[in-house]
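A closer look at the structure
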Amino acid sequence: MDKERKLIIAGNWKMNKTVAEAIDLVTGLKRDLVAVKEVDIVVCPPFTALSEVSKVVLDSNIRLGAQNMSEHQSGAFTGEIGAGMLKEFSVRYVILGHSERRQFNGETDAMVAAKAIAALAASLKPIICVGELLAEREAGRTEAVVGTQLEGSLKGLTKSQLEESIIAYEPVWAIGTGKVATPQQAQEVHAFIRNRLVAMYDEGTARRVRIQYGGSVKASNARELMSQADVDGALVGGASLEVRGFSDIVKNSI
Ligand code: 13P
């Protein structure tokens, strides 16, 4: 598939996989995806599996991501993990502001922006998540909600920092529900996001930023979603938990 930007497909394993299971999964992915050069491939295991998974992906085309991090470097923040700790395991990416963290952990746009700035300061690439609830879509508020999240979550990021970042559009109603956005629905919001980035930054910067789609992506719908002009990859939940599920998404997107 000929795309303006290199596709980036990431698996968000969420709170799944013991260390042994994580090793099995990533070993299978490494075998299945060894020949893939056209797509940036990322796996985001839980913190507890980062150490072992990092050993498996060493010298492979699979990069490592985390699912969250603290905006602080170190200190009295019980239960938190800082960027420096992630870097010990060669983590390159970090998912920030996932809707589950916004919903269950009270993360706000301001917190996401602070985390993004801390990640970038440590040379980690943030994957910044935005997306509307079903009720918001039905009320015709998708653009208002996503626009506000973008403005707030990117506050303080410079042009070059934005270019290091990835935006993930994840409509909350499509996450874990099997209800995928149609390729047209995804493209519509992705184009809106890119236009908003043009307004916030400039045309050139906005054109270089990769925007992933997330929400019930699977092997059977990946190709059509990825073929949309402003869809530059996927953030995959459920289907990334099995070797075949994730490797077929990557292969079908090429
Ligand atoms: P599902 O692919 O399970 O819908 O999850 C999407 C997601 O939340 C990825 O971050």
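All values reported here derive from a predicted model rather than from experimental measurement.

Quick look at the site of the ligand now. Around the ligand lies a shell of 13 residues, among which Lys14, His98, Gly176, Ser216 and Gly238 are the nearest. At 3.0 Å from an oxygen atom of the ligand is found a side-chain nitrogen or oxygen belonging to Asn12. Contact with the protein chains hides 95% of the accessible area of the ligand, taken as 310 Å² for the molecule alone. Of the residues belonging to the shell around the ligand, the class tally is four nonpolar, seven polar and two charged.

Taking burial as the measure, the five residues of strand E7 (residues 210-214) include five buried ones, the bulk of the element. Covered by surrounding structure in E7 are Arg210, Gln212 and Gly214 together with Ile211 and Tyr213, the residues of both alternating faces. Of the strand pairs in this sheet, strand E6 (residues 166-169) and E7 are connected by four bridges, and their pairing is parallel. Residue pairing across strands places Ala168 opposite Gln212, the latter belonging to E7. In terms of strand pairing, E7 meets strand E8 (residues 233-236) through two bridges, oriented parallel.

This part is about the packing of helix H11 (residues 219-226) against helix H12 (residues 243-253). If you want to describe how two helices pack, look at the angle between their axes and the distance between the axes. Here H11 crosses H12 at 30°, and the two axes come no closer than 8 Å. In this view, H11 runs roughly parallel relative to H12, as classed from their interaxial angle. You can see that H11 and H12 cross each other, and the crossing is right-handed. Residues Ala219, Ala222, Arg223 and Met226 of H11 form the contact with H12, whose own contacting residues are Asp248, Ile249, Asn252 and Ser253. Of the residues contributing to the contact of H11 with H12, the split by class is four nonpolar, two polar and two charged.

Before going further, it helps to examine the pattern of salt bridges. Per the stated rule, a full pass over the model turns up 20 salt bridges. Arg196 is paired through a salt bridge with Glu151; the nearest N and O atoms lie 3.0 Å apart. Placement of the pair is Arg196 in helix H9 (residues 183-200) and Glu151 in helix H7 (residues 142-153), with a sequence separation of 45 residues. Among the salt bridges present, the one from Lys159 reaches Asp202, with a minimum N-O distance of 2.8 Å. In this pair, Lys159 sits in helix H8 (residues 159-164) while Asp202 sits in the loop between H9 and helix H10 (203-208), placing the two residues 43 residues apart along the sequence. The exposure class of Asp202 is partly exposed, given its relative accessible area of 25%. Residues participating in the shared-partner salt-bridge network are Glu4, Arg5, Arg194, Arg207, Asp230 and Asp232.

Once that is clear, we can look at the sheet that holds strand E3 (residues 62-66). A barrel is described by the order of its strands in space; here eight strands give the closed sequence E1-E2-E3-E4-E5-E6-E7-E8, paired in parallel fashion. The mean angle between the axes of side-by-side strands here comes to 25°, regardless of whether they run parallel or antiparallel. Where E3 meets strand E4 (residues 91-96), three bridges bridge the pair, whose relative direction is parallel. Looking at E4, one finds that Ala66 is bridged to Val94. In the packing of helix H2 (residues 47-57) onto the sheet, contacts are made with strand E2 (39-44), E3 and E4, and the angle to E3 comes to roughly 170°.

Parameters at a glance
- Residues numbered from 1 in each chain as written.
- Predicted model: local features only at pLDDT ≥ 70, side-chain atom pairs only at ≥ 80, totals over all residues.
- Heavy atoms only, no water.
- Near = heavy atom within 4 Å.
- Polar contact = N/O pair within 3.5 Å; in protein donor to acceptor, adjacent residues only side chain to side chain.
- Areas by Shrake-Rupley, 256 points an atom, 1.4 Å probe, with all protein chains shown as cover.
- Nonpolar A, V, L, I, M, F, W, Y, C, P; charged D, E, K, R; others polar.
- Buried < 20%, exposed > 50% of the residue type's maximum accessible area, 1.4 Å probe, protein only.
- Helix = DSSP H or I, 4+ residues; strand = E, 2+ residues; numbered from the N terminus.
- Pairing = 2+ DSSP bridges.
- Axes fitted to C-alpha atoms, helices over the stretch in contact; angles between N-to-C directions.
- Parallel < 35°, antiparallel > 145°, perpendicular 65-115°, else oblique.
- Left-handed = near helix turned anticlockwise from the far one by under 90°.
- Contact = heavy atoms within 4.5 Å.
- Salt bridge = Lys/Arg side-chain N within 4 Å of Asp/Glu carboxyl O.

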